[in-house]
Amino acid sequence: GRPSFNPLICHVADLAMAESLADFSPLARALAVRFWPGPLTLVLPRRSSCPVHELATAGLPSIGLRIPQHIATLEIISRVGRPLAAPSANPSEQLSPTTAAHVAAGLGARIDLILDGGTCRAGLESTIIAPGEDGAVMLRAGALARSEIELLTGPLRSPDHAAGIVAPGMLRRHYAPRARLRLGATSVESGEAFLAFGAPPSGVSPSLNLSIRGDLEEAAANLFAMLRTLDESHSMIAVAPIPGAGLGEGINDRLKRAGAVAWQDSG
């Protein structure tokens, strides 16, 4: 159910494969050398000889590229010998999977094979960057913190939303459970589950806690799995405030999109 205007990320085995698909500026190459394999996607101008079909890139003149940091995925790409254009393995707009069981629950009746590579370590999707000649734009916050990238790029700019969807994860409503989310909650209303972070407010008993220690890395890894668990038994979920620094930027981005009500998309 993914809309055709929402481009896919092409996953490659090495830098040589990536450079056969897109034009790399010196900054783009520096980012690739520093952070690949890993949770960073680079959106770059596609080469005229790029063999990836335009349906996978939504007809855009750019292409999103990443080298995954997983031995099984890299082995598959290497054996196939070509880039694999792929979204997260879930119905469009719904919660991203972080285990093979999540994939089976969402798509099991529609696909022939699930390769179980274990639970996702990062939990969040990749950070997406569009490097240019004078710095870079952050198109999607993710599992690689802004502060690490800015050591190479300088301050990251915000995307020009008038340019439309140029990378995955830019839809207003995305990563969404069926339940209604209430963000920044410090209390619990009747009928709500409470997803805590760190020490819960006095008198509030959390249903689940993203990280009792207040660790953002642990919270990112737990986010989608815990939302999925609460979504199975509740129609409303109150989510505690999450700090915005580091991985908190990506966590808050997912929560904001997950909590967007459907009518906002048409408004």
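Thresholds, definitions, all that
- Residues numbered from 1 in each chain as written.
- Predicted model: local features only at pLDDT ≥ 70, side-chain atom pairs only at ≥ 80, totals over all residues.
- Heavy atoms only, no water.
- Pairing = 2+ DSSP bridges.
- Helix = DSSP H or I, 4+ residues; strand = E, 2+ residues; numbered from the N terminus.
- Axes fitted to C-alpha atoms, helices over the stretch in contact; angles between N-to-C directions.
- Polar contact = N/O pair within 3.5 Å; in protein donor to acceptor, adjacent residues only side chain to side chain.
- Contact = heavy atoms within 4.5 Å.
- Buried < 20%, exposed > 50% of the residue type's maximum accessible area, 1.4 Å probe, protein only.
- Core = buried A, V, L, I, M, F, W, Y, C linked by side-chain atoms within 4.5 Å.
- Parallel < 35°, antiparallel > 145°, perpendicular 65-115°, else oblique.
- Left-handed = near helix turned anticlockwise from the far one by under 90°.
- Nonpolar A, V, L, I, M, F, W, Y, C, P; charged D, E, K, R; others polar.
- Salt bridge = Lys/Arg side-chain N within 4 Å of Asp/Glu carboxyl O.

Undergrad: Even after reading the chapter, I still don't get the sheet that holds strand 5 (residues 127–132), so can you show me in this structure?
TA: For sheets, the rule is that strands pair by backbone hydrogen bonds, running either parallel or antiparallel. In spatial order, the strands read 4-1-3-2-5-6; together these 6 strands make up an open sheet with mixed pairing. Looking along the sheet, the strands with just one partner apiece sit at the ends: strand 4 (84–86) and strand 6 (135–140). Sheet twist, expressed as the mean angle between neighbouring strand axes with direction ignored, is 35°. Here 3 bridges tie strand 1 (residues 9–11) to strand 3 (residues 62–66), and the two strands are oriented parallel to one another. Paired with Cys10 across the bridge in strand 3 is Leu65.

Undergrad: Explain the side chain of Thr57 here, please?
TA: Its place among the elements puts Thr57 in the loop between strand 2 (40–45) and strand 3. For Thr57, the side chain forms a polar contact with the side chain of Arg46, separated by 2.9 Å. Leaving out residues up to four positions away in the same chain, Thr57 has contacts with Pro7, Arg46, Val52, Ser62 and Ile63.

Undergrad: Any chance you could explain the pairing of strand 3 here in plain terms?
TA: Within a regular strand, the side chains alternate between the two sheet faces. Buried residues dominate strand 3, accounting for 5 of its 5 residues. Judged by which residues are buried, strand 3 turns out to be covered on both faces: Ser62, Gly64 and Arg66 on one side and Ile63 and Leu65 on the other are all buried. In this structure, strand 2 lies alongside strand 3, joined through 4 bridges in antiparallel fashion. The partner of Val43 across the bridge, within strand 3, is Gly64.

Undergrad: Would you take a moment to explain the nonpolar core for this structure?
TA: Generally speaking, soluble globular proteins have nonpolar side chains that are buried together. Within the largest apolar cluster, 32 residues are counted, with the highest numbers of intra-cluster contacts made by Phe24, Trp36, Leu40, Leu42, Leu65 and Ile129. Of all elements in the fold, only helix 1 (15–19), helix 2 (26–35), strand 2, strand 3 and strand 6 reach the threshold of two or more residues within this core. Tallying contributions element by element places helix 2 first for this core, with 5 residues. Excluding anything up to four places from it in sequence, Leu40 contacts Leu31, Phe35, Leu65, Arg66, Ser126, Thr127, Ile129, Leu144 and Ile149. Core analysis: the next-biggest nonpolar cluster, separate from the first, contains 31 residues, Tyr175, Ala238, Ala240 and Ala258 among them.

Undergrad: Explanation requested: the packing of helix 6 (residues 216–231) against helix 7 (residues 248–259) in the structure shown.
TA: When two helices pack together, their arrangement is given by the angle between their axes and by how far apart the axes lie. Following both chains from N to C, one finds helix 6 and helix 7 inclined at 20°, their axes separated by 9 Å at the closest point. Classified by the angle their axes make, helix 6 and helix 7 are roughly parallel. Seen from above, helix 6 lies across helix 7 with left-handed handedness. Two secondary-structure elements touch here, helix 6 through Leu216, Ala219, Ala220, Leu223, Phe224 and Leu227 and helix 7 through Gly248, Ile251, Arg254 and Leu255. Counted by class, the contact of helix 6 with helix 7 contains 8 nonpolar, 1 polar and 1 charged residues.

Undergrad: What exactly am I supposed to notice about the packing of helix 2 against helix 5 (residues 146–153) here?
TA: Look at helix 2 against helix 5: their axes get within 10 Å of each other, and the N-to-C directions meet at 135°. Considered as vectors, helix 2 and helix 5 are oriented oblique to each other. Note on packing geometry: the crossing formed by helix 2 with helix 5 is right-handed. Of the residues in helix 5, those in contact with Leu27, Ala30, Leu31, Arg34 and Phe35 of helix 2 are Glu148, Ile149, Leu152 and Thr153. Residues belonging to the contact of helix 2 with helix 5 are distributed by class as follows: 6 nonpolar, 1 polar and 2 charged.

Undergrad: What is the right way to read the sheet that holds strand 9 (residues 208–209) from this model?
TA: Spatial strand order, 7-10-8-9: 4 strands in an open sheet with parallel pairing. Taken across any chain shown, the strands that pair with only one partner, and hence form the sheet edges, are strand 7 (180–182) and strand 9.

Undergrad: I'm lost on the pattern of salt bridges in this one. Help?
TA: Proximity of charged atoms lets side chains of opposite charge pair with each other. Per the stated rule, a full pass over the model turns up 13 salt bridges. Here Arg29 and Glu19 are joined by a salt bridge, their closest N and O atoms 2.7 Å apart. Taken together, the residues Arg29 in helix 2 and Glu19 in helix 1 connect sequence positions 10 residues apart. In this structure Glu19 comes out as partly exposed when scored by relative accessible area, which is 23%. A salt bridge links Glu249 to Arg146, with the nearest nitrogen and oxygen atoms 2.6 Å apart. Of the two residues, Glu249 is situated in helix 7 and Arg146 in helix 5; the sequence distance between them amounts to 103 residues. Using a relative accessible area of 23% as the deciding quantity, one classes Glu249 as partly exposed. The exposure class assigned to Arg146 is partly exposed, which follows from its relative accessible area of 26%. Look at the salt bridges and you will find they share partners, linking Glu125, Asp253, Arg254 and Arg257 into a network.

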